[in-house]
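Listed here are the chains, written in short residue letters.
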Amino acid sequence: MNYRETLNIIDEKTKNLGITPGLDNIRELLKRIEDPQDKVPAIHIAGTNGKGSIMAYVEEVLILSGLKVGRYISPAIFDYRERWKINKKEVTEEEVAEAFTVILRAIDEMEKDGFSSPSAFEIETAAAFYMFEKKDCDVMLIECGMGGRLDATNVMKNKIVDVLASVSLDHMEYLGETVKEITREKLGIVNEGDTLITYPASDEVNTAVSNYMTDHDFSWRKTETAALDIVKSGIDGSEFYYRGTRFSISMAGQYQIYNAICAVEVIHAYNRYAIKNGNDAVQYDIIRKGLSQAFWPGRFNVIHRGPYIIADGAHNPDAWKVLAESIRSYFPAKKIVFILGVFKDKQYEEMVSILSPLMKCCFVITPPGPRGLDAKYLAAKMSYDGCKAVPCKTTREALAKAKEAAGKNGVIVATGSLSYIGKLIEISYEID
């Protein structure tokens with residue numbers, strides 16, 4: 001099987017099977033390929049927002065410390081193979097094809113034995129475990145999909161630490177109607193005896209974790225904002241002290257400071273694991289260097305100046321609120337022009353109410369795929385609420401019109417979904 005054939009199969013599985021919460025299929029599939037998920041120590045990350053950024057900080061630090069690090073994320077922004085990286089390099093097309101050949105052979109046997117076919121996400125998750133074990137990774141960083149308890153990634157026994165990033169309302173049809181319910185679902189990744197690190201959390205989230213601890217035996221370490229002293233924070237990054245040590249990061253947004261100190265706690269947990277197993281701990285100079293170098297595309301990402309173009313894949317209310325706060329903080333007197341594309345199953349009416357007070361005008365696209373909300377519909381909705389909104393046929397058209405509207409001194413903010421952000425970043429390189 002070649003790489004192109006694997007993509008065709010994934011497309012078919014995505015169309016025919018969609019989202020299939022549950023662990024029976026993925027466990028059966030992994031058993032038939034010799035359980036690679038338990039052969040590499042894992043750091044497992046759940047949450048609504050910030051999973052990728054926390055992962056990027058941790059990844060950079062562990063690679064600098066000399067470890068071979070496998071990283072699995074979803075969705076990708078630029079290329080399908082971006083889901084699987086080893087020491088920040090995408091796996092090859094041949095490696096993907098090899099993994100899928102083994103996995104699809106196992107699926108054929110499963111179906112002969114009366115099992116249902118695993119979904120696209122389950123296949124991609126199994127491929128991550130297979131490739132990271134095959135490539136002799138020292139540690140793997142595994143990002144949950146949308147949930148936790150029934151997420152296909154929730155099958156690992158050999159874990160270093162679990163991480164709970166920021167939790168807010170999203171995917172309520174699957175995870176629950178309140179932050180407490182969603183938190184409990186995401187806490188389903190925590191096994192008995194595990195260590196859990198949590199991002200600086202709301203009272204709702206902390207209460208949910210405390211309640212979960214009454215029925216489950218695990219250790220919990222919070223990321224403490226009381227131990228944080230911010231020296232400066234701006235569009236080019238931040239400097240701060242955490243637990244007495246000075247750090248700097250290049251990613252913009254105050255929430256990135258919180259993601260970074262959460263990553264520091266994750267590295268501390270890794271160090272305890274390493275020492276317990278007779279390995280070296282990561283030194284503070286490596287932690288500081290790793291945090292300063294880490295980068296994660298599509299999260300308040302400055303991709304052009306003159307005008308500023310900000311790419312931010314915010315796609316739920318909490319992320320939109322944080323985005324609005326960052327815009328007000330960094331660009332208080334600038335003309336703000338938006339490019340918006342959002343999925344129809346997202347809370348786009350709330351997005352309009354959060355972001356429209358900042359907008360001088362907005363150019364709307366239909367994101368790719370069947371979930372994309374029609375640009376004309378969203379533009380009409382926004383125009384009704386008093387914002388000048390213009391539907392556009394393509395991302396290129398939207399960016400060209402936004403650039404004209406913003407002028408050299410304005411700010412263009414592209415947001416609503418990660419699905420078109422990669423394309424927008426690529427197009428932005430053509431701007432003078």
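In this report, the structure presented in the accompanying data block is examined. (Residues numbered from 1 in each chain as written. Predicted model: local features only at pLDDT ≥ 70, side-chain atom pairs only at ≥ 80, totals over all residues. Heavy atoms only, no water.)

### Things to note about the overall build of the chain
Counting secondary structure elements, the chain contains 15 helices and 17 strands. For 432 residues, the compact-globule estimate of 2.2 N^0.38 gives 22 Å, and the chain sits close to it at 22 Å. Out of the 432 residues in the chain, the part that is buried amounts to 57%. Long-range contacts, defined as pairs at least 24 residues apart, comprise 72% of the intrachain contacts of the chain with a sequence gap of at least 6. When the accessible surface of the chain is totalled, it reaches about 18,200 Å², and 46% of it is carbon and sulfur. Both charge centroids of the chain, one from 53 positive and one from 60 negative side chains, sit 5 Å from each other. (Helix = DSSP H or I, 4+ residues; strand = E, 2+ residues; numbered from the N terminus. Rg over C-alpha atoms; globule rule 2.2 N^0.38 Å. Buried < 20%, exposed > 50% of the residue type's maximum accessible area, 1.4 Å probe, protein only. Contact = heavy atoms within 4.5 Å. Areas by Shrake-Rupley, 256 points an atom, 1.4 Å probe, with all protein chains shown as cover. Lys, Arg positive; Asp, Glu negative; His and termini not counted. Charge placed at Lys NZ, Arg CZ, Asp CG, Glu CD.)

### Quick notes on the state of the cysteines
Under the defined criterion, the tally for this structure stands at zero disulfides. Distance from the sulfur of Cys392, which forms no disulfide, to the nearest cysteine sulfur (Cys362) is 8.7 Å. A relative accessible area of 6% places Cys392 in the buried class. (Disulfide = S-S within 2.5 Å.)

### Section: helix α9 (residues 254-276)
Here α9 is 23 residues long and its end C-alpha atoms lie 34 Å apart, about the 33 Å a rise of 1.5 Å per residue gives. In terms of burial, α9 is largely enclosed, as 17 of its 23 residues are buried. In the stretch just after α9, Gly278 is the one whose phi turns positive, near 80°. (Expected span 1.5 Å × (residues − 1).)

### Points about the pattern of salt bridges
The tally for this structure, following the rule as stated, stands at 22 salt bridges. The shortest N-O distance in the salt bridge between Arg184 and Asp215 comes to 3.8 Å. One end of the pair, Arg184, is in helix α7 (residues 179-186); the other, Asp215, is in the loop between α8 (203-213) and β8 (219-222), with 31 residues separating them in the sequence. The exposure class assigned to Asp215 is exposed, which follows from its relative accessible area of 53%. Look at the salt bridges and you will find they share partners, linking Glu28, Lys31, Arg32 and Asp113 into a network. (Salt bridge = Lys/Arg side-chain N within 4 Å of Asp/Glu carboxyl O.)

### Side note on the environment of Gly313
You can see Gly313 is positioned in the loop between β13 (308-311) and α11 (317-330). Spatially, the C-alpha atom of Gly313 lies 30 Å from that of Pro41, the residues being 272 residues apart in sequence. Setting aside chain neighbours within four positions, we find Gly313 in contact with Gly298, Thr415, Ser417, Leu418 and Ile421.

### Section: the packing of aromatic side chains
Under the defined criterion, the tally for this structure stands at 11 aromatic pairs. Ring pairing ties together the aromatic residues Tyr80, Trp84 and Phe100, which thus form one cluster. (Phe/Tyr/Trp six-rings, centres within 6.5 Å; stacked < 30°, edge-to-face > 60°.)

### Regarding the nonpolar core
Ranked by internal contacts, the top residues of the largest apolar core, which has 78 residues, are Ile43, Leu62, Phe300, Phe338, Leu355 and Met382. With 12 residues, α9 is the largest single contributor of residues to this core. Of all hydrophobic cores here, the second largest spans 37 residues; its members include Ala126, Phe129, Met140 and Val155. (Core = buried A, V, L, I, M, F, W, Y, C linked by side-chain atoms within 4.5 Å.)

### A closer look at unusual backbone geometry
Cis geometry is adopted by the peptide bond preceding Pro75, which originates at Ser74 and carries an omega value of 0°. Among the structural elements, Pro75 can be located in the loop between β2 (69-72) and β3 (84-86). We note that Lys88 has phi near 70°; this positive angle belongs to a residue other than glycine. With respect to the helices, strands and loops of the structure, Lys88 is situated in the loop between β3 and β4 (89-90).

### A word on the sheet that holds strand β14 (residues 336-340)
Across the sheet, which stays open at both edges, the six strands sit in the order β12-β13-β17-β14-β15-β16 with mixed pairing between neighbours. Two strands bound the open sheet, and with one partner strand each, they are β12 (301-304) and β16 (389-391). In this sheet, neighbouring strand axes are inclined to one another by 25° on average, regardless of whether the strands run parallel or antiparallel. Pairing of β14 with strand β15 (residues 361-364), which is carried by four bridges, proceeds in the parallel orientation. (Pairing = 2+ DSSP bridges. Axes fitted to C-alpha atoms, helices over the stretch in contact; angles between N-to-C directions.)

### Description of the pairing of β15
One face of the sheet, then the other: side chains in a regular strand alternate in exactly this way. Here β15 shows a buried face lined by Cys361 and Phe363 and a second buried face lined by Cys362 and Val364. For the handedness criterion, the β-α-β arrangement of β14, helix α12 (residues 348-355) and β15 is classed as right-handed. Judged from the three bridges that link them, β15 and β16 form a sheet pairing that is parallel. When the bridges of β16 are listed, Val364 appears paired with Pro391. (Right-handed = clockwise from strand over helix to strand, strands pointing away.)

### Concerning the sheet that holds strand β5 (residues 139-143)
Pairing is mixed across the open sheet formed by eight strands, whose spatial order is β4-β3-β2-β5-β1-β6-β7-β8. A single partner strand is all that each edge strand has here, and the edge strands are β4 and β8. For strand β6 (residues 159-164) and strand β7 (residues 195-198), the ladder comprises three bridges, and the chain directions are parallel. Paired with Val163 across the bridge in β7 is Ile197. Here helix α3 (residues 51-64) sits on the sheet and contacts β1 (42-46), β2, β5 and β6; the angle it forms with β5, its principal contact strand, is near 170°.

### What about the side chain of Glu60?
Within the element layout of this structure, Glu60 appears in helix α3. Residue class for Glu60 comes out buried when judged on its relative accessible area of 8%. If we skip the residues at most four places from it in the chain, Glu60 touches Lys88, Gly290, Gln293 and Ala294.

### Brief notes about the side chain of Thr223
On the secondary structure map, Thr223 appears in the loop between β8 and β9 (228-234). From its side chain, Thr223 meets the backbone oxygen of Thr198 in a polar contact 2.8 Å long. When sequence neighbours within four positions are dropped, the list of residues in contact with Thr223 reads Ile197, Thr198, Tyr199, Pro200, Tyr242, Ile261, Cys262 and Glu265. (Polar contact = N/O pair within 3.5 Å; in protein donor to acceptor, adjacent residues only side chain to side chain.)

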